[in-house]
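# Descriptive structure summary
Okay, here's what each chain looks like letter by letter:
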Amino acid sequence: MEYKDKNGLTEKQYLEQYDPGDYPRPSVTVDMMVVGPKKDYSGLKILLIKRGEHPFINCWALPGGFVRPEESCYEAASRELKEETGLKNVFLEQVYTFSRPDRDPRTRVISVAYMALTPVAPPVRGGDDALEAAWFDFDFTDNMLHIHNDDIGVSISYQLSTKRFKNGNVKYANLVPSLKSKSQLAFDHAEIILESMIKLRREIEYTDLPFSMVNEEFTLPDLQVIYELLLGHSLYKANFRIMVADRIEDVGRKEKSVVGRRLSELYRLK
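The present account deals with the structure reproduced in this document. (Residues numbered from 1 in each chain as written. Predicted model: local features only at pLDDT ≥ 70, side-chain atom pairs only at ≥ 80, totals over all residues. Heavy atoms only, no water.)

Bringing the packing of aromatic side chains into the picture now. For the structure shown, the criterion picks out eight aromatic pairs. Put simply, the rings of Phe211, Phe218, Tyr227 and Phe240 pair up and form one aromatic cluster. (Phe/Tyr/Trp six-rings, centres within 6.5 Å; stacked < 30°, edge-to-face > 60°.)

Have a look at this one:
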């Protein structure tokens, strides 16, 4: 049975006369926060690209770009990551949709943000419209976001304040960045980083996200350090092992941990 609308049109007839220009069409982009541990697991690194085009030319930014008509957002994120940095086959998790009307000076642009987690920051190269791609040291606390690369002399800092927002009957706290350095991140990318880290910390205890930042086989001391780097605080060894016990299995071999360099049992994700 074919249903007709109030104008007497079937769906086929409606679609034949439909004009997409009847409604404003914002552009859609994807932006990716890519995070990996330092080689010695002493901290985190974040991947940024240096923009080669207006707006924010020569500013550092998260990798990203426009979604093509034939792509899903995930496909666009994977493609842009490969084109701008050379990274491929990286775990991607959707974070949030950023839609503030003035977030892009060109036009109305809605961005779908992803977090990408990788073991030990791999080599990267700039490509497409990115002048450079580089890993930056990444420090995130309750009151400060600091991103710096001493080799190229770039330091970007944001003071973080807590503001409360209301959604229906629920009030919740969120972090708001305020630039404290001469250099800044392009667009609203500081907000994307904050939302990504908040989401990661909320979900870390009941998802397998941290396992994307260790090798396929890992020691428990190394895995615990990854959890601690992401959470921003230390964990009790016994409590941590209880938390991950049902997700891992012993592979029957030992290897030196990255942290401590002691021989430890190897495990893998079930």
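What follows picks up the thread again.
A separate point is the nonpolar core. Counting 50 residues, the largest nonpolar core has Ile46, Phe138, Leu145, Ile147, Ile193 and Leu223 as its most contacted members. Beyond its immediate sequence surroundings of up to four residues, Ile46 is in contact with Met33, Val34, Val35, Leu62, Ala134, Trp135, Phe136, Phe138, Ile147 and Ile193. (Core = buried A, V, L, I, M, F, W, Y, C linked by side-chain atoms within 4.5 Å. Buried < 20%, exposed > 50% of the residue type's maximum accessible area, 1.4 Å probe, protein only. Contact = heavy atoms within 4.5 Å.)

This part is about the sheet that holds strand β13 (residues 263–269). Pairing is antiparallel in the open sheet, where three strands are placed in the order β11-β13-β12. A single partner strand is all that each edge strand has here, and the edge strands are β11 (217–219) and β12 (248–256). Within this sheet the neighbouring strands show an average axis-to-axis angle of 40 degrees, counted without direction. Strand direction decides the pairing type here: β12 and β13, joined by six bridges, are antiparallel. (Pairing = 2+ DSSP bridges. Helix = DSSP H or I, 4+ residues; strand = E, 2+ residues; numbered from the N terminus. Axes fitted to C-alpha atoms, helices over the stretch in contact; angles between N-to-C directions.)

Moving on, we get to a nonpolar patch on the surface. Nonpolar side chains collect at one region of the surface, where Tyr14, Leu15, Tyr18 and Tyr23 lie side by side and expose about 440 Å² of accessible area between them. For Tyr23, the location among the structural elements is in the loop between α1 (11–17) and β1 (27–37). (Patch = residues over 30% accessible without salt bridge, like charges linked within 9 Å, V, L, I, M, F, W, Y side chains within 5 Å. Areas by Shrake-Rupley, 256 points an atom, 1.4 Å probe, with all protein chains shown as cover. Salt bridge = Lys/Arg side-chain N within 4 Å of Asp/Glu carboxyl O.)

With respect to the helices and strands, Arg25 occurs in the loop between α1 and β1. With 229 residues separating them along the chain, Arg25 and Lys254 place their C-alpha atoms 56 Å apart.

Attention shifts here to helix α2 (residues 73–85). An ideal rise of 1.5 Å per residue puts 18 Å on 13 residues; α2 measures up with 18 Å between its terminal C-alpha atoms. The elements touched by buried residues of α2 are β1, β2 (44–51), β4 (64–66), β5 (91–98), β6 (109–117) and β7 (130–140). Two residues or fewer past α2, Gly86 is found with a positive phi of approximately 90 degrees. (Expected span 1.5 Å × (residues − 1).)

As a further point, take the side chain of Arg51. Position of Arg51 relative to the elements: it lies in strand β2. Setting aside residues no more than four positions away along its own chain, Arg51 makes contact with Phe56, Ile57, Asn58, Cys59, Ala61, Arg106, Asp129, Leu131, Ala186 and Phe187.

Another aspect to go through is the packing of helix α4 (residues 220–231) against helix α5 (residues 237–244). As a packed pair, α4 and α5 sit with axes 11 Å apart at the nearest point and diverge in direction by 95 degrees. Judged on the interaxial angle alone, α5 and α4 are roughly perpendicular. Where α4 approaches α5, its residues Leu220, Pro221, Leu223, Gln224 and Tyr227 are matched on the opposing element by Lys237, Phe240, Arg241, Met243 and Val244. Grouping the constituent residues of the contact of α4 with α5 by class yields seven nonpolar, one polar and two charged. (Parallel < 35°, antiparallel > 145°, perpendicular 65-115°, else oblique. Nonpolar A, V, L, I, M, F, W, Y, C, P; charged D, E, K, R; others polar.)

Quick look at the pairing of strand β9 (residues 154–167) now. Of the strand pairs in this sheet, strand β8 (residues 144–149) and β9 are connected by six bridges, and their pairing is antiparallel. From the neighbouring strand, Met144 faces β9, where its bridge partner is Gln159. Hairpin geometry of β8 and β9 is characterised by an intervening segment of four residues between the two adjacent antiparallel strands and by a positive phi of about 70 degrees at Gly153. Bridge count between β9 and strand β10 (residues 170–179): ten bridges; the pairing is antiparallel. The residue bridging Thr162 from the neighbouring strand is Leu175, located in β10. Two successive antiparallel strands, β9 and β10, enclose a turn made up of two residues, where Gly168 displays a positive phi of approximately 65 degrees.

What follows concerns α5. Within α5, the full set of buried residues consists of Phe240, Met243 and Val244. Seen along its axis, α5 keeps its buried residues to an arc of 85 degrees; they face one direction. Exposed residues pointing more than 90 degrees away from the buried face of α5 are listed as Ala238 and Ile242. Considering only its buried residues, α5 is in contact with α4 and β12. (Arc of directions from axis to C-beta.)

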